[in-house]
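Listed below, chain by chain, are the residues.
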Amino acid sequence: MYHEGSTTGVLLCHGFTGSPQSMRPWARYLAEQGLTVSLPLLPGHGTRWQDLQHTGWQDWYATVDRELRVLLDRCEQVFVAGLSMGGALSLRLAARHGDAISGVVVVNPATTFPKLQGYALPLARHLVTSTKGIASDIRKPGVAETGYDRVPLHAAYSARNLFRLVRAELPQVTQPLLVLHSRVDHVVPPSDSQVVLDNVSSTDVTETVLEQSYHVATLDHDAERIFADSYGFITRLATRMTARDGA
């Protein structure tokens, strides 16, 4: 999804084994406020889980990096935002692109991998093709995430390596940061958000605890709060930058 709007742009990154569907209401909300919005599909996602088996974090990161550069060419201010692994990708973009990115919003960002599964992955991925899926951890009745019902282990191993890399790069994140995380999350522990808060170098940091949602909070009870808070965060910073540039 791409929406052409104002000179303030937002790149949205979906999560591992998910699809843009989990972020589309957020993207539409921001587009309706007049912003330019990009919501790409990550390679290997949105088709069948076997396709994800043949991709890795370098492919996923290359896609969001490319979309970011398109926005940077088009817009005066660009923000990055992501859910789960999309949060990790957003943080890496921030670490590598520095002041070119005006702010970062992450929802239940993934920065660690379960120790037991992570320890077994290097060998297990050569013996077992996939394990049970992690999609659709949503508290709100009648709402489902479009995602794979299986997790390919080669891709999971690559995601683990991405999280390790992002943790090492967190001190390079200096932009204003909004972290929204669910108190109860059956996919990514809330402590992953604390890892982000404890290690970034940002001085403008806001933490919001989502009390009524599970992992896919962008489709859950707190979705409207995420949308409104992120827009408020973006407009506050964009207004400040415009005033500064015009001074």
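Structure's up top.
A brief look at the structure comes next. (Residues numbered from 1 in each chain as written. Predicted model: local features only at pLDDT ≥ 70, side-chain atom pairs only at ≥ 80, totals over all residues. Heavy atoms only, no water.)

Across the sheet, which stays open at both edges, the seven strands sit in the order 1-3-2-4-5-8-9 with mixed pairing between neighbours. Only two strands of the sheet have a single neighbouring strand rather than two, namely strand 1 (2–3) and strand 9 (205–210). Here helix 4 (residues 85–97) sits on the sheet and contacts strand 2 (8–13), strand 4 (77–83), strand 5 (103–107) and strand 8 (177–182); the angle it forms with strand 4, its principal contact strand, is near 150 degrees. Against the sheet, helix 7 (residues 191–199) makes contact with strand 8 and strand 9, and its axis sits at roughly 160 degrees relative to strand 8, the strand it touches most. (Pairing = 2+ DSSP bridges. Helix = DSSP H or I, 4+ residues; strand = E, 2+ residues; numbered from the N terminus. Contact = heavy atoms within 4.5 Å. Axes fitted to C-alpha atoms, helices over the stretch in contact; angles between N-to-C directions.)

Here we take up the pairing of strand 2. With six of six residues buried, strand 2 lies mostly within the body of the structure. Residues Thr8, Val10 and Leu12 of strand 2 are buried on one face, and the alternating residues Gly9, Leu11 and Cys13, pointing to the opposite face, are buried as well. Here strand 2 runs beside strand 4; their pairing, made up of six bridges, is parallel. Within strand 4, the residue paired with leucine 12 across the bridge is alanine 81. (Buried < 20%, exposed > 50% of the residue type's maximum accessible area, 1.4 Å probe, protein only.)

Here we come to helix 1 (residues 24–32). Buried within helix 1 are the following residues: Trp26, Ala27, Tyr29, Leu30 and Ala31. One or two steps after helix 1, the chain reaches glycine 34, where phi turns positive at roughly 100 degrees.

By secondary structure assignment, the location of threonine 218 is in the loop between strand 9 and helix 8 (223–246). Residue threonine 218 is classed as buried on the basis of its relative accessible area of 1%. Between the C-alpha atoms of threonine 218 and serine 22, which are 196 residues apart in sequence, the distance is 6.5 Å. Leave out the neighbours within four places in its chain, and threonine 218 touches Ser22, Met23, Trp26, Leu83, Ala223, Ile226 and Phe227. Within the structure, the side chain of threonine 218 is placed 2.7 Å from the backbone oxygen of serine 22, a separation counted as a polar contact. (Polar contact = N/O pair within 3.5 Å; in protein donor to acceptor, adjacent residues only side chain to side chain.)

A separate point is the packing of helix 3 (residues 57–74) against helix 6 (residues 153–169). Close contact between helix 3 and helix 6 brings their axes to 9 Å; oriented N to C, the two are set at 60 degrees. On the basis of their axis angle, the class for helix 3 and helix 6 is oblique. Across from Trp57, Gln58 and Trp60 in helix 3, the residues of helix 6 making contact are Ala155, Ser158, Ala159, Asn161, Leu162 and Leu165. Here the residues of the contact of helix 3 with helix 6 sort into six nonpolar, three polar and no charged. (Parallel < 35°, antiparallel > 145°, perpendicular 65-115°, else oblique. Nonpolar A, V, L, I, M, F, W, Y, C, P; charged D, E, K, R; others polar.)

A word on the pairing of strand 9. In this sheet, strand 9 lies alongside strand 8 in parallel orientation, the contact comprising six bridges. Bridge pairing links leucine 177 to valine 205 in strand 9. Chirality of the crossover, the property in question, places the unit of strand 8, helix 7 and strand 9 among those that are right-handed. (Right-handed = clockwise from strand over helix to strand, strands pointing away.)

Within the structure shown, the criterion is met by five aromatic pairs. With 5.7 Å between their ring centres and 55 degrees between their planes, phenylalanine 16 and tryptophan 60 make a pair best called tilted. Of this pair, phenylalanine 16 sits in the loop between strand 2 and helix 1 while tryptophan 60 sits in helix 3; the two residues are 44 residues apart in sequence, bridging distant segments of the chain. Across this residue pair, the class does not change: phenylalanine 16 and tryptophan 60 are buried. Centroid distance phenylalanine 79 to phenylalanine 233: 6.4 Å. Interplanar angle 70 degrees. Geometry classified as edge-to-face. Note that phenylalanine 79 is positioned in strand 4 and phenylalanine 233 in helix 8, a separation of 154 residues in sequence. A relative accessible area of 1% places phenylalanine 79 in the buried class. Here a set of aromatic residues connected by ring pairs shows up, and it is made of Trp26, Tyr29, Phe227 and Tyr231. (Phe/Tyr/Trp six-rings, centres within 6.5 Å; stacked < 30°, edge-to-face > 60°.)

Within the fold, leucine 180 resides in strand 8. On a C-alpha basis, the gap between leucine 180 and proline 109 in space is 8.5 Å, while along the polypeptide they are 71 residues apart. Setting aside its immediate chain neighbours within four residues, leucine 180 contacts Val105, Val106, Val107, Asn108, Pro109, Thr208, Leu210, Ile226 and Asp229.

Function cannot be inferred from these measures alone, as they are strictly geometric.
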